[in-house]
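Listed here are the chains, written in short residue letters.
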Amino acid sequence: MSEQRESFPLVDTSQPNLLEEMFDYSLPPKICFDGPIVEYVDGQPVQFDPQTLRSRDIFITDTTFRDGQQARPPYTADQMVRIYDLLGQLGGPKGIIRQTEFFLYTHNDRLALDRCRELGHRYPECTGWIRAVEGDFELVKQMGLKETGMLTSCSDYHIFEKLKFKSRKECMDAYCRVVDEAYENSVRPRCHLEDITRADLDGFVFPFVERLMRMSEQVPEHMKVKIRMCDTMGFGLSFPGASLPRSIPKLIYKMNKQVGVPSHRLEWHGHNDFHKVHINGVTAWLYGCDALNTTLFGYGERTGNPPLEGAVFEYIGIKHDLCGIRTEVITELAEYMQSIGFPIAENYPFVGRNFNTTRAGIHAGGLRQDERIYNIFDTTKLLRRPPRVAITDKSGADGVALWVNEYFRLDGREKISKIKCHKVARWVMDQYEKHGRMSAISDEEMEAKVKELMPHYWNKYKGGAEASKT
Amino acid sequence: MASIQERVIAVTARVLQLDPREISLEDSFTTDLGAESVQSVELVASFEEEFGIEMDEDAALSVPTVGEAVAFITEVCKQQGKPL
């Protein structure tokens, strides 16, 4: 590779280059690639073409009611039905959120599943989740499900230390008996290869999946086994060149091209123990795994799973199109989850109270001139969340003016200048400079001060609304 | 009646809490007179009130010195038909 330095002369212009082809404000930023990616597998260079992502039928699956629920007290059936209904609206008619899975062990689990199916949504398709033991399969049959996930842990930590099998063969035979039972009952098996990023791939995982592929030869396409690769401890690595079993690119390549599991039957399930959960999931998409398993707001066992809403925005960025996804439902889901006691951090992307709130006055000044300067995309359109400013000693008159205009919902030529907001700006500064205040100023305090110090504007824009309340 | 210059200096002194005798036409609002961000906005608002005019926000806030403010306000008053 050439290391010759190049010259980069200034391209002077009076017209800004806002790179709007990539940063189309009406969408999440488009994800673009320049060419193929090369990874070395078994010492040989292998090319992956990321451009195919735009045409491949990648999709999102959901485990909010299974892994998500393992990290919290049980949802009521009513809550699950509401969440399921909203997931269906969010994913749109193309089924970008294609499946969701249910525990089948309690009466409440089964009631919720029945009621979700009664809604009649095509997507997300309801599937089950069981341990790979023959007794558990009875539950799948009772519920009449077409597909179920089954726990087929594949590292020796699980095979020997947790499940106490005497040998790998004994373990594999036991798993395969349950898969056979699934086929006998016309249920599609989805094998969840727990702890795969800490497993002996050549010694157990690939031989097991090969055997599953052979077993699938006897059944029609819609019944063939699916493989969920579970990065149970979050050990997976997205970096090119990383070694197996932690390398996601190599793992997926081997499953896909060497063992022969087609992309549409491969699924990635991650955990966030090392802060890699989202990018690892998207990496799985990139290297040939079509399904990304997620939970709402990333809530799941221990540190959580790939956040569903993050996958949604990544999906749109990859496809350069909304693809029928109703992103505004994400806000509705967040509001609903918070109403039932689900905590969402204020700085949590896309839904936290302050995800698009700026505090620095100089940033507020930028926002006031053109919201694109400090807003990631048109959050008003895509999430029904206009960019906001939090009022502190750093807000300045720009921040106060932005707050006031957002409060009165004024746009374009109607916007009130910061000159007209000077009394409120002075009151804010005095709070910190004269009164030694240390906390941010709440929206309620700002409302009261705007009413007191800007009565003309208050009466003009809020007077009617106030009068109609009385 | 006080001149525009005297009125500009009087407003500046009141907003920035200075002795008007210490203010000269060459003084920069920020570096010489110490106007901070919110005070600059208050100055423009006070000039508007004093002279009964509306000023373009960006143009008014970019006026650097007291003398240039006198000239800027004189021009705006003329444009908006305000008695000088």
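Residues numbered from 1 in each chain as written. Chains lettered and ligands numbered in written order. Predicted model: local features only at pLDDT ≥ 70, side-chain atom pairs only at ≥ 80, totals over all residues.

Describing the sheet that holds strand β8 (residues 226-230) of chain A
All names here are of chain A.
Argument step 1. Strands sit in the order β3-β4-β5-β6-β7-β8-β9-β10 around a closed barrel of eight strands; the barrel is parallel. For this sheet, the mean angle separating the axes of adjacent strands, direction not counted, is 25°.
Argument step 2. Bridge analysis of strand β7 (residues 188-194) against β8 gives five bridges, and the strand direction is parallel. Counted as the bridge partner of His 192 is Arg 228 from β8.
Argument step 3. Lying on the sheet, helix α4 (residues 134-143) is in contact with β5 (125-131) and β6 (147-151); it crosses β5 at an angle near 160°. (Pairing = 2+ DSSP bridges. Helix = DSSP H or I, 4+ residues; strand = E, 2+ residues; numbered from the N terminus. Axes fitted to C-alpha atoms, helices over the stretch in contact; angles between N-to-C directions. Contact = placed C-beta atoms within 7 Å.)

Topic: the pairing of strand β2 (residues 44-48) of chain A
Residues and elements named next belong to chain A.
Argument step 1. Within β2, only zero of the five residues are buried, which leaves the element largely exposed.
Argument step 2. Note that strand β1 (residues 37-41) and β2 share five bridges and pair antiparallel. The residue bridging Tyr 40 from the neighbouring strand is Pro 45, located in β2.
Argument step 3. Taken together, β1 and the strand that follows it, β2, pair antiparallel across an intervening segment of two residues, in which Asp 42 is found at a positive phi of about 50°. (Buried ≥ 20, exposed ≤ 12 C-beta atoms within 10 Å, placed from the backbone.)

Side note on the interface of chain B and chain A
Argument step 1. With eight residues of chain B at the contact, the number on the chain A side is ten residues.
Argument step 2. Of all the elements, helix α2 (residues 37-51) of chain B adds the most residues to the side of chain B that touches chain A, at seven residues.
Argument step 3. Of the residues belonging to the side of chain B that touches chain A, the class tally is four nonpolar, one polar and three charged. (Nonpolar A, V, L, I, M, F, W, Y, C, P; charged D, E, K, R; others polar.)

Considering the domain arrangement of chain A
Residue and element names in this part refer to chain A.
Argument step 1. Domain assignment breaks chain A into domain 1 (37-339) and domain 2 (357-469).
Argument step 2. Computed from C-alpha atoms alone, the centre-to-centre distance between domain 1 and domain 2 is 44 Å.
Argument step 3. Counting residues at the interface gives four residues for domain 1, matched by four residues for domain 2.
Argument step 4. A class-by-class count of the residues in the side of domain 1 that touches domain 2 yields one nonpolar, two polar and one charged. (Domains from an automatic or database assignment.)

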